[in-house]
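This is what each chain is made of:
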Amino acid sequence: MTFSSSVLFASRLLFPRTGKKSNARRSLFGSLLCIGVSLVPLIMVLTVSEGMIKGITERMIGLSSSHLQLVLYPGSEYAKNEQIMQDFSRAIQNYDASVLNVYPELQGIGLAASANGRFGSQIRAVQSDMFERNASFKTLFEVLDGNTDLSAKNSCVLGKKLASDLGVTAGGTVRLITTKENASGKTVPKITALHVSGIVSSGYQELDALWIFVSLDSGFGLLSSASSTAVFGIETPDAFSYELEKSYKLLAPFLSSFGRLYRWNDLNTSQYENFASTQIMLLFIMMLIVLVASVNISSALVMLVMERKKEIAILKSLGGTAGGISLSFIITAFVTGFFGVCVGIPLGLLCSLRFSEIMSGIEKIVNFCARIFYFVTGNASGYGEVHLLDEAFYLQNFSIVVPVPKILLIAIGTLILSILVSVIPSVKAGREKPIETLRKM
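Residues numbered from 1 in each chain as written. Predicted model: local features only at pLDDT ≥ 70, side-chain atom pairs only at ≥ 80, totals over all residues. Heavy atoms only, no water.

1. With respect to the confidence of the model for the protein chain
The predicted coordinates ought not to be read in detail in places where the model reports low pLDDT. A residue-level look at the protein chain finds 92% of positions with pLDDT of 70 or above and a mean pLDDT of 84. Across the protein chain, strand β1 (residues 68–72) holds the top mean pLDDT of 94, while helix α16 (residues 434–439) sits lowest at 60. (pLDDT = per-residue confidence, 0-100. Helix = DSSP H or I, 4+ residues; strand = E, 2+ residues; numbered from the N terminus.)

2. Observations regarding the pattern of salt bridges
Applying the stated rule across the entire model yields 8 salt bridges. Here glutamate 50 ties to lysine 406 by a salt bridge, and the two come within 2.5 Å at their closest N and O atoms. In this pair, glutamate 50 sits in helix α2 (residues 23–65) while lysine 406 sits in helix α15 (residues 404–430), placing the two residues 356 residues apart along the sequence. Classification of lysine 406 by relative accessible area gives partly exposed; the value is 37%. (Salt bridge = Lys/Arg side-chain N within 4 Å of Asp/Glu carboxyl O. Buried < 20%, exposed > 50% of the residue type's maximum accessible area, 1.4 Å probe, protein only.)

3. Focus on the nonpolar core
Formed by 40 residues in total, the largest nonpolar core has its most connected members in Ile92, Leu158, Ile234 and Leu255. For this core, the leading source of residues is helix α9 (residues 242–255), giving 4 residues. Once residues lying within four places of it in the same chain are set aside, the contact partners of leucine 158 are Ala163, Leu166, Val168, Val196, Gly198, Ile199, Val200, Trp211 and Ile212. By size, the runner-up hydrophobic cluster in this structure holds 33 residues, among which are Val290, Ala293, Ile325 and Ala429. (Core = buried A, V, L, I, M, F, W, Y, C linked by side-chain atoms within 4.5 Å. Contact = heavy atoms within 4.5 Å.)

4. Considering the pairing of strand β9 (residues 228–235)
Counting buried positions along β9 yields 7 of 8 residues, so the element is predominantly enclosed. When β1 meets β9, the two strands line up antiparallel, connected through 4 bridges. When the bridges of β9 are listed, leucine 70 appears paired with phenylalanine 232. The pairing of strand β2 (residues 101–114) with β9 spans 8 bridges and is classified as antiparallel. (Pairing = 2+ DSSP bridges.)

This is the structure we're talking about:
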């Protein structure tokens, strides 16, 4: 039995010429739909999580760690004032031609206080034109109120969540509590009133709840050398290319006497690994759903074998081989899985583009059902709004990323599963004994 004969028989199994109703063909069609439907959440999880991870990673790199970061040793003479830090930044940039920009910064911890209470925050003393000069600051920060001008003395820019907790708006005042050493060497609190120039949002609440930006000049007055860290963010053409590693190897020996040089992934290892492990876990769960859907093909083939016993018996009596008949049923399963992939992946990508609308609709349905449940049980006061995508844990706005290689891998994996689950019923079909079947005809 040739391969073309097996393909022809498989085509007759899928598309018989007679109009006779077939429960097995309905089961195959149902299996196709099950595979397609099971692929939809898998593709959505993949594309949405890729977009989330990309967006958060862009913010961690562009707004926090930069591509490379030099942390000066405590008490370094290169962190005495703004002019010295700027001169040292130019020296770093001149040493390596691939370095695009170097951004000096002082970082420290303080308490931001208002009538609403006190909240811990990270003080970031940056160049006064940082929000215009740094491309990541300019594009990834959204100005919600006021402006990002830090040129005025004791002016500051707050993150959205921190400003909301403090209950302040642009034009308001916030008190910043830091520490200083008095004449006797004791550490005492220092309170500084800051004028809020503007409020910004990175779209990621975890970052917006931490940062207070002040000018680098103001930072030297707010933060003592003992309670602050001087860092230099080094920007290269691409944080994800091998060129970054080349820049690191070139700069590390030169800067080793001034401080420690880190790559962005060294500083964000725990977050990055957490994102990756969460994504893998979700994809694994979704892939199990696809596996369960693929098993339906096996049961459909069992029914198909029972319905086509006569055809199998006739083929074997005419010289059809067991392997050729088994191959026909495997091809049938493969085609079913293939059309399931053709249905599921485009539908999954389409749903991904409407992810926010879909989640909003599901959220409304969940809250509606919850209200009814609490009303019926007489506990309406205990009801709270359900938020499926809480801003505290997710990006508010992100772009969908379509990882073509991973989608191809999912498609190939689904087709392989379709073949694997069809092996047992296909082999049994090839082992059918024609004599017993023909006697019953």
